[in-house]
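Here is how the chains run, residue by residue.
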Amino acid sequence: MGDIDSLRQQIANITNSPLYNHDLAPVPMEARDWGTYNYASLWVGMSVCIPTYMLASGLIAGGMNWWQAIGTILLGNLIVLIPMLLNAHAGTKYGIPFPVLVRASFGVLGANVPAVLRALVACGWFGIQTWIGGQAIQAMLRIAWPAWGHFGAGPAVCFLFFWLLNMVVIWRGIETIKFLEGVGAPFMLAIGVLLLFWVTRKAGGFGPVLSAPSRFHTPAEFWRFFVPSLTGMVGFWATVALNIPDFSRYARSQKAQMLGQALGLPTAMTLYAFIGVAVTSASVVIFGEAIWDPVALLGRFNQPAVALVALIALLLATLNTNVAANVVSPSNDFSNLNPRRISFRTGGFITGCMGLVMMPWKLLGSYSTYIFGWLVGYSALLGPIAGIMIVDYFMVRRRELALADLYLRHRCYEYSGGFNFGALAALAAGIGVALLGLVVPALRWLYDYAWFAGFLVAGALHYALSAPKGAAEAEAVREES
């Protein structure tokens, strides 16, 4: 905390640095007003969304029963909560965002590599959420105005309209995100619970819904599906596990962000996942097939008023999640490429444009593409980054950073021309090991455990390459401070 106050005395030295702009600057203590409720509601708002629903319903469609699906999701979120809290610590202590934090481990210029990797994944998620939001608007218009269904360009128009709505929120900034999450979270949970009870009543109650057995006949069949599914659950929030400093930098205290996240993430994800599981199971009872897309499911019911209310709630949830989870981080990441020229708003607009060209409808083509292709695939990129960040901050630097040097060239984090090639080598090794299973069938388990394999390999290699020098630097920073 004291480091941020002392930075004010050095501010004149760094404001002219090409590595500095207002959006990447450390948050001063007087501007830190996020408490436990803000972080809990942030996670409720980000978790209560259609991709969470699809995550759960995809496991049901893949063959799990309700308790296997819920258990897999809960375990995955408890696992990813650990790196989430660890990476959040530096954001709260120093008031810095993710792309500035990774300068310590990758170098002041090398940090652009993990930042851009994270940003590209976020662009894909932005496109997915925007496509889902557009589909929800399309479904609402077809219910309220049936003639809209005959308009061939309707889906594209709805997609672009929802995209523009996201751009408006980006333009208004971080305080709008805080407001949306605070007031929207309780409302969305209430609507989700009402939808759950309405659908299960149509199916004859919870008994028929939750009595459906698993379609796996042997433990071996179950484990073949469970392992990559668990990796997908971890991968679902592996993105925010990296850029959580973008939010924790606004925390009043470590306790506020840790308690808020611990209460919000597992609880909200498990509850809304249960809604997805139960509603998808109810679709089997009612229609004879598992309908994993909630927008498509709502279109099958003949009660327009209920469908409209539910779609409005899902639309609000999608907007909340999209801006908080998929815009804040890439906006900062793109800004980090050229802080003097790219602001938070400009980075957000870049994210929006990238999301348009990533063809999100293909990523949502089926539950297997969504979970095993998209989620597991990109976790191979993000697991190694998380391993390097955590090892570097806690084990190599022992939570001691030279804050001003993170914004200056030719100082503590310059390494070799601004790049820490040891960290980049560890990153490449972690990604390579995780993706090896796609090339060598006998090592398929490495891909199934992509996030875990990449995390361990990259973290261990980074420690081996950086520990001696990093420990000396940490001691020097401690003495100086």
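Now for a description of the structure that goes with this document.

Here is what the cut-offs are and how they apply
Residues numbered from 1 in each chain as written. Predicted model: local features only at pLDDT ≥ 70, side-chain atom pairs only at ≥ 80, totals over all residues. Heavy atoms only, no water. Helix = DSSP H or I, 4+ residues; strand = E, 2+ residues; numbered from the N terminus. Buried < 20%, exposed > 50% of the residue type's maximum accessible area, 1.4 Å probe, protein only. Contact = heavy atoms within 4.5 Å. Areas by Shrake-Rupley, 256 points an atom, 1.4 Å probe, with all protein chains shown as cover. Polar contact = N/O pair within 3.5 Å; in protein donor to acceptor, adjacent residues only side chain to side chain. Expected span 1.5 Å × (residues − 1). Axes fitted to C-alpha atoms, helices over the stretch in contact; angles between N-to-C directions. Parallel < 35°, antiparallel > 145°, perpendicular 65-115°, else oblique. Left-handed = near helix turned anticlockwise from the far one by under 90°. Patch = residues over 30% accessible without salt bridge, like charges linked within 9 Å, V, L, I, M, F, W, Y side chains within 5 Å. Salt bridge = Lys/Arg side-chain N within 4 Å of Asp/Glu carboxyl O. Core = buried A, V, L, I, M, F, W, Y, C linked by side-chain atoms within 4.5 Å. Nonpolar A, V, L, I, M, F, W, Y, C, P; charged D, E, K, R; others polar.

## A short note on the overall build of the chain
A count of helical and extended segments in the chain gives 23 helices and 0 strands. Residue burial in the chain is summarised as follows: out of 481 residues, 61% are buried. Contacts in the chain between residues far apart in sequence, at least 24 positions, make up 84% of those at least 6 positions apart. Looking at the chain as shown, the accessible area adds up to about 17,900 Å², and 68% of this sits on carbon and sulfur atoms.

## Structural notes on the side chain of S214
Checked against the element boundaries, S214 lands in the loop between α10 (206-210) and α11 (219-236). Side chain to side chain, S214 and Q68 meet in a polar contact 3.3 Å long. For S214, the side chain forms a polar contact with the main-chain nitrogen of F216, separated by 3.1 Å. Once residues within four sequence positions are removed from consideration, S214 is found in contact with G63, M64, N65 and Q68.

## Here's the deal with helix α4 (residues 66-94)
The first and last C-alpha atoms of α4 sit 42 Å apart over 29 residues, in line with the 42 Å expected at 1.5 Å per residue. Positive backbone phi, at 70°, marks G95, one or two positions downstream of α4.

## Focus on the packing of helix α3 (residues 50-61) against helix α14 (residues 254-287)
Contact geometry of α3 with α14 gives a least axis separation of 8 Å together with a crossing angle of 50°. One finds that α3 runs oblique with respect to α14. Helix-helix and strand crossings are classified by hand; for α3 and α14 the assignment is right-handed. Of the residues in α14, those touching α3 at T52, Y53, L55, A56, S57 and I60 are M269, Y272, A273, I275, G276, V277, V279, T280 and S281.

## Some thoughts on a nonpolar patch on the surface
Residues L435, L436, L438 and V439 make up a contiguous nonpolar surface patch of roughly 340 Å² in combined accessible area. Mapped onto the fold, V439 is located in helix α21 (residues 421-439).

## What to know about the nonpolar core
Nonpolar side chains in soluble globular proteins generally cluster together in the buried interior. Ranked by internal contacts, the top residues of the largest apolar core, which has 113 residues, are M84, I96, W125, W237, W374, L401 and L406. For this core, the element with the highest residue contribution is helix α20 (residues 367-396), accounting for 12 residues. The contact partners of W125, leaving out residues within four places of it in the chain, are P51, F236, T239, N322, N326, Y370, W374, L375 and Y378. Counting 12 residues, the second largest nonpolar core, distinct from the first, contains A136, I137, V169 and L319.

## Digging into the packing of helix α7 (residues 112-144) against helix α17 (residues 328-337)
At their nearest, the axes of α7 and α17 sit 9 Å apart, and the two run at 140° to each other. Handedness of the α7/α17 crossing: left-handed. Facing α7, whose interface residues are N112, A115, V116, R118, A119, A122 and C123, α17 presents S329, P330, D333, F334, N336 and L337. The residue inventory of the contact of α7 with α17, partitioned by class, reads 8 nonpolar, 3 polar and 2 charged.

Purely spatial values, then, with no claim about function.
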